[in-house]
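# Observations on the model geometry
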Amino acid sequence: DTGVSQNPRHKITKRGQNVTFRCDPISEHNRLYWYRQTLGQGPEFLTYFQNEAQLEKSRLLSDRFSAERPKGSFSTLEIQRTEQGDSAMYLCASSHEGNQPQHFGDGTRLSIL
Amino acid sequence: GQQLNQSPQSMFIQEGEDVSMNCTSSSIFNTWLWYKQDPGEGPVLLIALYKAGELTSNGRLTAQFGITRKDSFLNISASIPSDVGIYFCAGHWDDKIIFGKGTRLHILP
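Keep in mind that what you see is a predicted model, and the values were worked out from it rather than measured.

Moving on to the overall build of chain A. Counting secondary structure elements, chain A contains zero helices and 11 strands. Its helices and strands taken in sequence order, chain A reads β-β-β-β-β-β-β-β-β-β-β from the N to the C terminus. Projected onto the principal axes, the alpha-carbon positions of chain A cover approximately 40 × 25 × 25 Å. With 113 residues in all, chain A has 48% of them scored as buried. When the accessible surface of chain A is totalled, it reaches about 5,700 Å², and 43% of it is carbon and sulfur. A distance of 7 Å separates the average location of the 14 positive side-chain charges in chain A from that of its 13 negative side-chain charges.

The next thing to look at is unusual backbone geometry. Cis peptide bonds are those with omega within 30 degrees of zero, and the linkage from Asn7(A) to Pro8(A) qualifies with -10 degrees. Looking at the secondary structure, you find Pro8(A) in the loop between strand S1 (5–7) and strand S2 (10–13). Residue Pro8(B) is reached from Ser7(B) by a cis peptide bond, and omega for that bond is -10 degrees. Locating Pro8(B) in the fold gives a position in the loop between strand S1 (4–7) and strand S2 (10–14). Residue Arg81(A) is not a glycine yet carries a positive backbone phi of 45 degrees. Relative accessible area serves as the criterion here: at 48%, Arg81(A) is assigned to the partly exposed category. Positive phi values are uncommon outside glycine, yet Ala78(B) reaches one of about 50 degrees. Along the chain, the position of Ala78(B) falls in the loop between strand S8 (71–76) and strand S9 (85–93).

Throughout the structure, instances matching the rule amount to seven salt bridges over all chains. One salt bridge connects Arg22(A) with Asp24(A), and the closest N-O pair in it is separated by 2.8 Å. We note a salt bridge from Arg31(A) to Asp95(B), for which the minimum N-O separation is 3.0 Å. One end of the pair, Arg31(A), is in strand S4 (residues 31–37); the other, Asp95(B), is in the loop between S9 and strand S10 (96–99), on a second chain. On the basis of relative accessible area, Arg31(A) is assigned to the buried category, the value being 5%. Connected through shared salt-bridge partners, Arg64(A), Glu83(A) and Asp86(A) make up one network.

Turning next to the interface of chain A and chain B. With 23 residues of chain A at the interface, the matching set in chain B holds 21 residues. Summed over both sides, the interface between chain A and chain B buries roughly 1,700 Å², with carbon and sulfur atoms accounting for 50% of that surface. Counting across the interface, chain A meets chain B through two salt bridges. Here Lys96(B) ties to Glu56(A) by a salt bridge, and the two come within 2.7 Å at their closest N and O atoms. Our count for the chain A to chain B interface comes out at nine residue pairs in polar contact (both at pLDDT 80 or more). Of all elements in the fold, only S4, strand S5 (44–50), strand S9 (88–95) and strand S10 (103–104) of chain A reach the threshold of two or more residues within the side of chain A that touches chain B.

The next thing to look at is the sheet that holds strand S8 (residues 75–79) of chain A. Residue and element names in this part refer to chain A. Across the sheet, which stays open at both edges, the four strands sit in the order S1-S3-S8-S7 with antiparallel pairing between neighbours. This sheet does not close on itself; its edge strands, each paired only once, are S1 and strand S7 (65–68). The mean angle between the axes of side-by-side strands here comes to 15 degrees, regardless of whether they run parallel or antiparallel. Two strands pair when backbone bridges link them, and S1 and strand S3 (residues 19–24) are joined in this way by three bridges, in the antiparallel orientation. Residue pairing in the sheet places Asn-7 in a bridge with Arg-22 of S3.

Okay, the state of the cysteines next. All names here are of chain B. Here the structure, examined in full by the defined rule, presents two disulfides over all chains. A sulfur-sulfur distance of 1.9 Å marks the disulfide that ties Cys-23 to Cys-89. Taking the sign of the S-S torsion, about 45 degrees here, the bridge from Cys-23 to Cys-89 comes out right-handed. Of the two residues, Cys-23 sits in strand S3 (residues 19–25) while Cys-89 sits in strand S9, which places them 66 residues apart along the sequence. By relative accessible area, which is 0% here, Cys-23 ends up buried.

Rules of the game
Residues numbered from 1 in each chain as written. Chains lettered and ligands numbered in written order. Predicted model: local features only at pLDDT ≥ 70, side-chain atom pairs only at ≥ 80, totals over all residues. Heavy atoms only, no water. Helix = DSSP H or I, 4+ residues; strand = E, 2+ residues; numbered from the N terminus. Buried < 20%, exposed > 50% of the residue type's maximum accessible area, 1.4 Å probe, protein only. Areas by Shrake-Rupley, 256 points an atom, 1.4 Å probe, with all protein chains shown as cover. Lys, Arg positive; Asp, Glu negative; His and termini not counted. Charge placed at Lys NZ, Arg CZ, Asp CG, Glu CD. Salt bridge = Lys/Arg side-chain N within 4 Å of Asp/Glu carboxyl O. Contact = heavy atoms within 4.5 Å. Buried area = accessible area lost by both parts, 1.4 Å probe. Polar contact = N/O pair within 3.5 Å; in protein donor to acceptor, adjacent residues only side chain to side chain. Pairing = 2+ DSSP bridges. Axes fitted to C-alpha atoms, helices over the stretch in contact; angles between N-to-C directions. Disulfide = S-S within 2.5 Å.

Listed below in structure tokens is the structure:
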């Protein structure tokens, strides 16, 4: 399977704990995106990378969120001191540079107890 | 900021019927995209539109990029049970994608 891969698929944690998600993009794509999706809504942009450089962060990305793509391949999204409002589906997408369609993984569903 | 308005929010149709849904925006987009999302999965790209006025088909799906670059529609012909899901329109803006809230398609037995 050469699509976008995300792990874990589900994460249940207690409020206040830290969580980390991983995304492996399509190998030839140099752009990687993170989105958040809540029930009944479309995905909302969080941040994106071109190779290892993080080029933009949304206002939705509070200080508790940090994303990395250290070698320009896979990426991690960490949420520190999780809150109830962090419960959502976190989606990763990748694309070629430019105005190219983004291809999504199946997401990590985060539930905060 | 950019917003996409999708209509209808949900549709209930009989198997075999044709479906039409649309998307409008107050802003101009350079690229329009249509995605389908099944429960528990990520959005899957259906059609990408790059030029104003462009009409593109993908099997039973047809989509058009409006002349004003502020709207798009998606038609599905002869619906089948596996067409059930949420259809999102999306516009490419400033290296990111802005999504609508989706049209949920239900097919009655």
